[in-house]
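# Structural description and commentary
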Amino acid sequence: MNVFLAQTKPCLGNVEKNLKGMVEIIKAQIEKGSDLVIFPELSLTGYLLEDLVFDVAIENVPKILLDLSKEISIIFGAVELGEDLYHYNTAYYLEDGQVKHKHRKVYLPTYGLFDEGRYFKEGDRIRAFNTKFGRVGMLICEDAFHQSSSYILGQDGAETIFILTNSPTRTTNNGLEINDLWESICKSIAVGNSCNVVMVNRVGIEDGVSFWGGSFVVLPSGAIEKKLNLLVEDGAVVILDRKELIKVRFASGSSKNEKIDLLLSELIRIKKSR
């Protein structure tokens, strides 16, 4: 599977402009023969929307994206107006002209500069799904910081986990530590679940908040296969070879020998003790 990582700089609240930019990238990758293109979290709308959430929400995926997905699979993020008339931070997987799967962000950060819980409703499920490239799963930013999210996808058979993010720049005396943190988390996800991890972060500045980019791919071995530049729009194709995944799963029992019944009984015990 040839995956194009589209590290973009969405314009806050300008769906028309963002869609145009996405379409240009998608068409270019169709010409180059890529199999799938993945954009960051809320790539259609920008991130720090606040009251704009109401204005930019979509009930249906733009037709042009569905049409293009007949030639290339597409992962992107948008504000979804759900059937319950609440708003969700949603990742869409498009394939063969239809919405193959939606993941609604489960863990909404509401601390520091984040205030997602005020504007979005939490998703209530985490599920892997079948595609023409194998079984995959999607997470959105904060979801990945919770071990259970990727564990569920791994036990649900995901061969590749796609993570769409809007991670703000945080620097310390040791440099861009948020970059190191994300790499550590995704390496753990890849090794623990014997799967590929594709993390795509955005760049640009919104209301004084900078986003650092640095998108990357981690192989099931834990090795970083591709890493994009920091702080600038960037893009690259990475080839995910299923044979390499099979080799790792043959050599390692870390994911095939999970004791789910033990996990469930112990979690029930812990929950009862609280």
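Everything below is about the structure shown above.
In what follows, the accompanying structure is described. Computed from a predicted model, the values in this text were never measured in an experiment.

### Details of the packing of aromatic side chains
- One pass over the full model with this rule turns up six aromatic pairs.
- Ring centres of tyrosine 111 and phenylalanine 114 lie 5.4 Å apart, and the angle between their planes is 70 degrees; on these two criteria the pair is classed as edge-to-face.
- For the ring pair phenylalanine 145 and tryptophan 182, a centre distance of 5.1 Å and an interplane angle of 90 degrees mean the geometry is edge-to-face. One end of the pair, phenylalanine 145, is in the loop between β7 (134-140) and α5 (147-155); the other, tryptophan 182, is in helix α6 (residues 177-193), and 37 residues separate them in sequence.
- On the basis of relative accessibility, which here comes to 34%, the residue phenylalanine 145 falls in the partly exposed class.
- A relative accessible area of 1% places tryptophan 182 in the buried class.
- Members of the aromatic cluster, joined through ring pairs, are Tyr47, Tyr111, Phe114 and Phe211.
- When the ring centre of tyrosine 88 is taken as origin, the NZ or CZ atom of arginine 104, which lies over that ring, is 3.9 Å away.
- One residue, arginine 202, lies across the ring of phenylalanine 211, its end atom 4.4 Å from the ring centre.

### Digging into the sheet that holds strand β13 (residues 224-227)
- Strand order in the open sheet formed by six strands is β6-β7-β8-β9-β12-β13, and the pairing between neighbours is mixed. Bordering the open sheet on either side are β6 (129-131) and β13, each of which pairs with just one other strand. Geometrically, the sheet is characterised by an average inter-axis angle of 25 degrees between neighbouring strands, direction not taken into account.
- In this structure, strand β8 (residues 160-165) lies alongside strand β9 (residues 196-201), joined through six bridges in parallel fashion. Directly across from threonine 165, in β9, lies its bridge partner asparagine 201.

### Description of the pattern of salt bridges
- Inspection of the entire model under this criterion finds 17 salt bridges.
- Salt-bridge contacts for lysine 132 lead to aspartate 96; the nearest nitrogen and oxygen are separated by 2.9 Å. Taken as a pair, lysine 132 in the loop between β6 and β7 and aspartate 96 in the loop between β4 (87-95) and β5 (98-104) lie far apart in primary sequence, 36 residues in all.
- Lysine 132 gets classed as partly exposed once you look at its relative accessible area, which sits at 47%.
- As a salt-bridge pair, arginine 242 and glutamate 159 come within 2.7 Å of each other at their nearest N and O atoms. With arginine 242 in helix α7 (residues 242-251) and glutamate 159 in the loop between α5 and β8, the pair connects residues that are 83 residues apart, well separated along the chain.
- Among the residues examined, arginine 242 registers a relative accessible area of 49% and is labelled partly exposed.
- Judged by relative accessible area, which is 12%, glutamate 159 ranks as buried.

### A look at the sheet that holds strand β1 (residues 2-7)
- Read across the open sheet, the six strands follow the order β5-β4-β3-β2-β1-β14; overall the sheet is mixed. In the strand order of this sheet, the two ends are held by β5 and β14 (234-239), each with one partner. Taken over all neighbouring pairs, the strand axes of this sheet differ in orientation by 30 degrees on average, direction set aside.
- As defined by bridge partners, β1 adjoins strand β2 (residues 36-38) across three bridges and the pair is classed as parallel. Bridged to valine 3 within β2 is leucine 36.
- Running at roughly 155 degrees to β1, helix α1 (residues 15-32) makes contact with β1, β2, β3 (73-81) and β14 of the sheet.

### Considerations on unusual backbone geometry
- Although it is not a glycine, cysteine 141 adopts a positive phi angle of roughly 40 degrees.
- Following the sequence through the fold, cysteine 141 ends up in the loop between β7 and α5.
- For aspartate 207, which is not glycine, the phi dihedral falls at a positive 50 degrees.
- Among the structural elements, aspartate 207 can be located in the loop between β10 (203-206) and β11 (209-212).
- Residue classification places aspartate 207 among the exposed positions, given a relative accessible area of 64%.

### Here we look at the environment of tyrosine 151
- One can find tyrosine 151 in helix α5.
- Taking the C-alpha atoms as reference, tyrosine 151 lies 22 Å from isoleucine 38; in sequence the two are 113 residues apart.
- Here tyrosine 151 is in contact with Asn193, Glu258, Ile260 and Leu263, once residues within four sequence places are set aside.
- Separated by 2.9 Å, the side chains of tyrosine 151 and glutamate 258 make a polar contact.

Analysis parameters
Residues numbered from 1 in each chain as written. Predicted model: local features only at pLDDT ≥ 70, side-chain atom pairs only at ≥ 80, totals over all residues. Heavy atoms only, no water. Phe/Tyr/Trp six-rings, centres within 6.5 Å; stacked < 30°, edge-to-face > 60°. Helix = DSSP H or I, 4+ residues; strand = E, 2+ residues; numbered from the N terminus. Buried < 20%, exposed > 50% of the residue type's maximum accessible area, 1.4 Å probe, protein only. Lys NZ or Arg CZ within 6 Å of the ring centre and 35° of its normal. Pairing = 2+ DSSP bridges. Axes fitted to C-alpha atoms, helices over the stretch in contact; angles between N-to-C directions. Salt bridge = Lys/Arg side-chain N within 4 Å of Asp/Glu carboxyl O. Contact = heavy atoms within 4.5 Å. Polar contact = N/O pair within 3.5 Å; in protein donor to acceptor, adjacent residues only side chain to side chain.

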